[in-house]
Amino acid sequence: ATECSGHFPAVVTARDSEGLQLRSSYVKGKLRKTSDGQLALLQCYTLSNDPTEADLWLLNSCTVKNPAEDHFRNSIKKAQDQQKKVVLAGCVPQAQPRMDYLKGLSIIGVQQIDRVVEVVDEAVKGHSVRLLGQKKDGGRRLGGARLDLPKIRRNPLIEIISINTGCLNACTYCKTKHARGDLASYPIEELVERARQSFQEGVCEIWLTSEDTGAYGRDIGTDLPTLLWRLVDEIPEGAMLRLGMTNPPYILEHLEEMAKILNHPRVYAFLHIPVQSASDSVLMDMKREYCIDDFKRVVDFLKERVPGVTIATDIICGFPGETGEDFQETIDLVKCYRFPSLFINQFYPRPGTPAAKMEQVPAHVKKQRTKELSHLFHSYNPYDHQVRKTSVTACSWITSLAYIPLLLSSRFGLVAIFGFALK
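Everything numeric here is computed off the predicted structure, so don't read it as measured data.

Asks: Can you break down the overall build of the protein chain residue by residue, with the values?
Replies: Looking only at helices and strands, one finds 12 helices and 19 strands in the protein chain. Every one of the 423 residues in the protein chain was classed for burial, and the buried ones make up 54%. Of the contacts made within the protein chain by residues no fewer than 6 positions apart, 70% connect residues no fewer than 24 positions apart.

Here it is in structure tokens:
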């Protein structure tokens, strides 16, 4: 999945083309980058936080988990109950535009966000518009909306850049692939220009994101390290670059270069590498295209070559067919590496995916495994060795050489996390 955050609402008000009356729309979404772009393009409207004032709600969506889609469906019903116009965006309507609860509603496809004003204008007039097509150039699928579109940054100091869309995988549990499709990378020059422009606008951090940053460039004859070295050349003094998620298979062949890049003083020593399970049997059923030894090789290499590197990972609890022994292997992996950032997910079967047709682990077992892994994560303090205590009870501030925050410690261990520490 891409960078996600909580829902952020806004209401939009604007004069129609004849200037006769004010129009409003409530903007609510989950995809951070998409919403930044959508809100900027909707500058002909005025934002507000009260949905009851709106004539139209623009709802973004995420298709990774069932609860996210359930919330999206509930938001649509709430809007309709209040007789609001609705425009939908994100992966849910892109992947399944013919769902019953989407009938008659306007949809902006994941590659069509630059046309959001067009769709909103038509929806306000009572028309239903659906723009779901893929953008192509000479038959080659493009990465998505233009990178030079205007954007309102939720954090004015951080620019989030999607370097590619789609992926090369066919994970049996993933619904996002249905919406995002195969890998489509943005050209290096376009990404470098976007970064250069962002720094000129006062941004001090660039966050690179995509469904799989490690696969970048494989469709256009280049690779991630080549892009990163070009971006590093553009980073001014005092600014930083942060890498997003990469799957193990696509980073293995670049370990030497990645270690050099992560050691650069203007690059956070941080990498998000989802493992999902420590059982080779489960990984095979997931079609993850790597074994647990591949994952360990990546982590061990980076921990050896990049002092203080922070490795984040994801784990799915209760994937179909996961036995107690399989889950214990995952527990042992976490005990061994003590990941400082661990995203724990209870498995949800997504409609239309191969995993939804497999024999499911009982719900109470999935819940218990999720609880057990969460308890293990909270039982250790991965930054103990980096905390300098001035006394038994006093607190002290320290900074890290890696991509971790400033830490506040006490005799009870880590009690708070604030900000980011620069190298």
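Asks: Can you break down the pattern of salt bridges residue by residue, with the values?
Replies: Counted under the stated rule, the structure contains 15 salt bridges. Ionic pairing is found between Asp81 and Lys77, a salt bridge with its closest N-O pair at 3.1 Å. Of the two residues, Asp81 and Lys77 both sit in helix 2 (residues 66-81), 4 residues apart, roughly one turn of that helix. One continuous salt-bridge network, built from bridges that share partners, spans Glu69, Asp70, Arg73 and Arg350.

Asks: Help me get a handle on the sheet that holds strand 15 (residues 310-317), residues and values and all.
Replies: A sheet is described by the order of its strands in space; here 3 strands give the open sequence 14-15-16, paired in parallel fashion. Sheet topology places strand 14 (270-272) and strand 16 (341-346) at the edges, where each strand pairs with a single neighbour. Pairwise comparison of adjacent strand axes, ignoring direction, gives a mean angle of 15 degrees for this sheet. With 6 bridges connecting them, strand 15 and strand 16 associate as parallel partners. Pairing of Thr313 across the sheet is with Leu342, part of strand 16.

Asks: Which residues make up helix 12 (residues 363-378), and what values do they have?
Replies: Taking 1.5 Å as the rise per residue, helix 12 with 16 residues should run 22 Å; its terminal C-alpha atoms sit 23 Å apart, in good agreement. For helix 12, the full list of buried residues reads Lys366, Arg369, Thr370, Leu373, Leu376 and Phe377. Buried residues of helix 12, viewed axially, fall in a sector of 125 degrees; they line one side. Turned more than 90 degrees away from the buried face of helix 12 sit His364, Lys367, Lys371, His375 and His378, all of them exposed. Summarising the contacts, the buried residues of helix 12 are in contact with strand 15, helix 11 (324-337) and strand 16.

Asks: Account for the packing of aromatic side chains, naming residues and giving values.
Replies: The description of an aromatic ring pair rests on the distance of the ring centres and on the angle between the ring planes. Per the stated rule, a full pass over the model turns up 5 aromatic pairs. On the basis of an interplanar angle of 80 degrees and a centroid distance of 6.2 Å, the ring pair of Tyr173 and Phe319 is categorised as edge-to-face. Linking Tyr173 in the loop between strand 10 (164-165) and helix 5 (176-180) with Phe319 in the loop between strand 15 and helix 11, this pair joins segments that are 146 residues apart in sequence. Each member of the pair, Tyr173 together with Phe319, is buried. Here the aromatic rings of Tyr337 and Phe339 are separated by 5.7 Å at their centres, their planes lie at 20 degrees, and the arrangement is stacked. Of the residues examined, Tyr337 reaches a relative accessible area of 11% and is grouped as buried. What makes Phe339 buried here is its relative accessible area of 2%. Pairwise contacts between aromatic rings join Tyr173, Phe319 and Phe347 into one cluster. Over the ring of Tyr101 we find Arg73; its NZ or CZ atom is 4.7 Å from the centre of that ring. Its end group placed over the ring of Trp207, Arg242 keeps NZ or CZ at 4.3 Å from the ring centre.

Asks: I'd like a rundown of the side chain of Asn247, residues and numbers included.
Replies: By the secondary structure assignment, Asn247 is in the loop between strand 13 (240-242) and helix 8 (255-262). A distance of 2.6 Å separates the side chain of Asn247 from the side chain of Arg288, its partner in a polar contact. Contacts of Asn247, omitting those with residues within four sequence positions, involve Asn169, Asp212, Pro274 and Arg288.

Asks: Tell me about a negative patch on the surface, and name the residues and values.
Replies: Side chains of Asp280, Asp293, Glu325, Glu329 and Asp332 sit close together on the surface and give a patch of like negative charge. Here Asp332 lies in helix 11.

Asks: I'd like a rundown of the sheet that holds strand 9 (residues 158-162), residues and numbers included.
Replies: Spatially, 3 strands are ordered 9-12-13 in an open sheet, and the strand pairing comes out parallel. Strand pairing shows two members of the sheet lacking a second neighbour, strand 9 and strand 13, which therefore form its edges. Taken pair by pair, the neighbouring strands of this sheet meet at an average axis angle of 20 degrees, ignoring direction. Note that strand 12 (residues 205-209) and strand 13 share 3 bridges and pair parallel. When the bridges of strand 13 are listed, Glu205 appears paired with Met240. Where helix 6 (residues 188-200) meets the sheet, its contacts fall on strand 9 and strand 12, and the angle it forms with strand 9 comes to roughly 170 degrees.

Asks: Describe the side chain of Ser279, with residues and values.
Replies: Tracing the backbone through its elements, the reader meets Ser279 in the loop between strand 14 and helix 9 (280-286). What makes Ser279 buried here is its relative accessible area of 1%. A polar contact of 2.8 Å, which involves the side chain of Ser279, links it to the side chain of Asp326. Residue contacts for Ser279: discarding those within four places in its chain leaves Asp326 and Glu329.

The rules behind each value
Residues numbered from 1 in each chain as written. Predicted model: local features only at pLDDT ≥ 70, side-chain atom pairs only at ≥ 80, totals over all residues. Heavy atoms only, no water. Helix = DSSP H or I, 4+ residues; strand = E, 2+ residues; numbered from the N terminus. Buried < 20%, exposed > 50% of the residue type's maximum accessible area, 1.4 Å probe, protein only. Contact = heavy atoms within 4.5 Å. Salt bridge = Lys/Arg side-chain N within 4 Å of Asp/Glu carboxyl O. Pairing = 2+ DSSP bridges. Axes fitted to C-alpha atoms, helices over the stretch in contact; angles between N-to-C directions. Expected span 1.5 Å × (residues − 1). Arc of directions from axis to C-beta. Phe/Tyr/Trp six-rings, centres within 6.5 Å; stacked < 30°, edge-to-face > 60°. Lys NZ or Arg CZ within 6 Å of the ring centre and 35° of its normal. Polar contact = N/O pair within 3.5 Å; in protein donor to acceptor, adjacent residues only side chain to side chain. Patch = residues over 30% accessible without salt bridge, like charges linked within 9 Å, V, L, I, M, F, W, Y side chains within 5 Å. Areas by Shrake-Rupley, 256 points an atom, 1.4 Å probe, with all protein chains shown as cover. Lys, Arg positive; Asp, Glu negative; His and termini not counted. Charge placed at Lys NZ, Arg CZ, Asp CG, Glu CD.

Function cannot be read off these values alone, since they describe shape.
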